[in-house]
Amino acid sequence: MYDFSAIYEATSVGNAIELLQAHPSAVIIAGGSDVLIKMREGKLAGAELVSIFKLDELRGVSLDENGSIRIGPLTSFSHVTKDPLIQKLIPVLGEAVDLVGGPQLRNIGTMGGNICNGVTSADSASTQVAYDAMLELTGPDGVRMLSIHEFYKGPGRVALEPAELLTAILIPKESYENCFGYYIKYAMRNAMDIATIGCSVNVVLSADKKTIERARIGFGVAGPVPLRARNAEAALSGHAADESAIELIGNAVLDDVKPRTSWRASADFRKQIISETSRRALRTSIERAGGAL
Amino acid sequence: MQKQLVKCNINGKDVETYVDVRASLTDMLRNDYRLTSVKKGCEVGECGACTVLIDGECYNSCIYMAIWADGKHIRTLEGLLGPNGELSDIQQAFVDEAAVQCGFCTPGFIMTAVEILETGKEYTRDELRKLLSGHLCRCTGYENILNAVEKTMKKRLGKA
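Predicted model only: the values in this text are computed from it and were never measured.

A. Spatial organisation of the overall build of chain B. Helices and strands together make up the secondary structure of chain B, namely five helices and five strands. The linear arrangement of helices and strands in chain B, starting from the amino end, is β-β-α-β-β-β-α-α-α-α. For chain B, whose C-alpha radius of gyration is 16 Å, the value lies close to the compact-globule estimate of 15 Å for 160 residues. Expressed as lengths along the three principal axes of its C-alpha atoms, the size of chain B is roughly 50 × 30 × 25 Å. Looking at chain B as a whole, 45% of its 160 residues are labelled buried. Counting only contacts in chain B whose residues sit at least 6 apart along the sequence, the fraction spanning at least 24 positions is 57%.

B. Representation of the confidence of the model for chain B in the model. Averaged over all residues, the pLDDT of chain B is 97; the fraction at 70 or higher stands at 100%. Scored as a complex, the prediction yields pTM 0.97 and ipTM 0.96.

C. Inspection of the sheet that holds strand β4 (residues 57–60) of chain B at higher detail. Residues and elements named next belong to chain B. Here we have five strands laid out as an open sheet, ordered β2-β1-β5-β3-β4, and mixed in their pairing. Looking along the sheet, the strands with just one partner apiece sit at the ends: β2 (13–20) and β4. Strand-to-strand twist in this sheet, taken as the mean axis angle between neighbours without regard to direction, amounts to 40°. Sheet analysis places strand β3 (residues 51–54) next to β4, joined by four bridges and oriented antiparallel. Note that in β4 the partner of leucine 53 across the bridge is cysteine 58.

D. Layout of the domain arrangement of chain B. Residue and element names in this part refer to chain B. Taken as a whole, chain B is organised into domain 1 (3–78) and domain 2 (89–156). Measuring from the centre of the C-alpha atoms in domain 1 to the corresponding centre in domain 2 gives 21 Å. If you look at the interface, domain 1 gives 15 residues, while domain 2 gives 12 residues. Elements that contribute at least two residues to the side of domain 1 that touches domain 2 include exactly β3 and β4. Sorting elements by how many residues they give to the side of domain 1 that touches domain 2 places β3 first, with three residues. Its residues placed into classes, the side of domain 1 that touches domain 2 shows eight nonpolar, five polar and two charged.

E. Looking closely at the packing of helix α2 (residues 89–96) of chain B against helix α3 (residues 106–118) of chain B. Residue and element names in this part refer to chain B. Where α2 meets α3, the axes come as close as 10 Å, and the angle between the chain directions of the two elements is 130°. With respect to their mutual orientation, α2 and α3 come out oblique. In this structure, α2 meets α3 at a crossing whose hand is right-handed. Together, Ile90, Gln91 and Phe94 of α2 and Thr106, Ile110, Ala113, Val114 and Leu117 of α3 make up the contact between the two elements.

F. Main features of the domain arrangement of chain A. Residue and element names in this part refer to chain A. By the assigned domains, chain A splits into domain 1 (4–51), domain 2 (59–174) and domain 3 (178–288). On a C-alpha basis, the centroid separation for the pair domain 1 and domain 2 is 20 Å. Between domain 1 and domain 2, the residue contacts involve 11 residues of the former and 16 residues of the latter.

G. Spotlight on unusual backbone geometry. Residue valine 221 of chain A is not a glycine yet carries a positive backbone phi of 70°. Along the chain, the position of valine 221 of chain A falls in the loop between β13 (212–220) and β14 (227–228).

H. Expanded view of the nonpolar core. In terms of nonpolar packing, the biggest core is built from 144 residues, with Ala16, Val50, Ile52, Ile197 and Phe219 of chain A together with Ala66 of chain B touching the most fellow members. Sort the elements by how many residues they give to this core and α3 of chain B lands first, with seven residues. Aside from chain neighbours lying at most four places away, what touches valine 50 of chain A is Tyr8, Ala10, Ala16, Leu19, Leu20, His23, Ala26 and Ile28 of chain A.

I. Inspection of the interface of chain A and chain B at higher detail. The partner chain B presents 24 residues to the 19 residues of chain A that form the contact. Counting only elements with at least two residues in the side of chain A that touches chain B, the list comes to β1 (4–9), α2 (35–40) and α6 (103–108) of chain A. At five residues, α6 of chain A tops the list of elements feeding residues into the side of chain A that touches chain B. Looking at the side of chain A that touches chain B residue by residue, the classes come out as 12 nonpolar, six polar and one charged.

Definitions and limits used
Residues numbered from 1 in each chain as written. Chains lettered and ligands numbered in written order. Predicted model: local features only at pLDDT ≥ 70, side-chain atom pairs only at ≥ 80, totals over all residues. Helix = DSSP H or I, 4+ residues; strand = E, 2+ residues; numbered from the N terminus. Rg over C-alpha atoms; globule rule 2.2 N^0.38 Å. Buried ≥ 20, exposed ≤ 12 C-beta atoms within 10 Å, placed from the backbone. Contact = placed C-beta atoms within 7 Å. pLDDT = per-residue confidence, 0-100. Pairing = 2+ DSSP bridges. Axes fitted to C-alpha atoms, helices over the stretch in contact; angles between N-to-C directions. Domains from an automatic or database assignment. Nonpolar A, V, L, I, M, F, W, Y, C, P; charged D, E, K, R; others polar. Parallel < 35°, antiparallel > 145°, perpendicular 65-115°, else oblique. Left-handed = near helix turned anticlockwise from the far one by under 90°. Core = buried A, V, L, I, M, F, W, Y, C linked by C-beta atoms within 7 Å.

Here's what the structure looks like:
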């Protein structure tokens, strides 16, 4: 038995918002792989839950008319990995979420939960940050759009207002078009582990594949929330797509990050991993974009 | 505590019962249906001992609400047996390959193996290792488990 006082099963997005208004202290449960585990630890004891698990309208991946990839926040990691649109347009995202936990967790864990919990180590987060994901938030006053960069407020804290739900993750066309990326998760084990560092890099190369037109670098666990290495990106913009770029990124990213020491790893070790993963992820991104190194 | 009616199909049979809304699917399968192949291990989704198939995908039933099972097709190890209790090929392979020692992780491993085998695809040893990585076994060292799954896969594909 889980230790909660009541569970309200939402029947639609509108109903979920009403339930959250009626029960302001309630916790939202989607797949449950965070909430139910916290509950087992005795946290959230006696809490009320609003379940959105049955809202199939929030599942699946589709293409909007303007070319944005629309990812339903209840889509499980394994369904993102298997989705033909993801495989074709943004394969790095499917690869990233194929590194979450283990197979059973990837069947229950959701894309929305992965960012709404506000955790810096979330395997999808660095790629969402690196692709400038836009978030559709629906609340009592209607729908608003928010960039993922404004979504994270601090460890475990996000910009969801009371009774507000994440109802879509959007990857704009200009973000994924002609863009090739790669994600590296560094952890102690290959499965059932949390990232010590997550690094997601993507590039757009010039037509002759010799110049980096745009590079974006997202990190998890390199700071209190997932972050972008803006200085390194600026340094790479217009830079030759050769070995000197690989050398450059490894040093430049260190000015953008602020990793901390935890029981998992020291800040110095994390810095070393940040440099090395950025080099490797940039190398693979350039190769995938058709560049020659 | 509040109870709720849950209608589902378990191992091919339509069933229904009222469950405590706080119950996990593990609780319901063990207590209401006596399906004790579904083990209570870590109860936080790490060890895989409670794994069952829900609509063809493997889940840790310890972190799945019993009330969410409404309308779902659930399969447990008990559903693999033949009409007279005969073992299925994957169960027999675990016996033949000595992939079982204490046996606590076995039902979970076998249910994930069922999902893998039913894709009808051929996987490399490394791919199988990843597909089975949501299970912990403290006895065997995993090699015999991998052998059992790999051999059954090859047999079903007519390659052994």
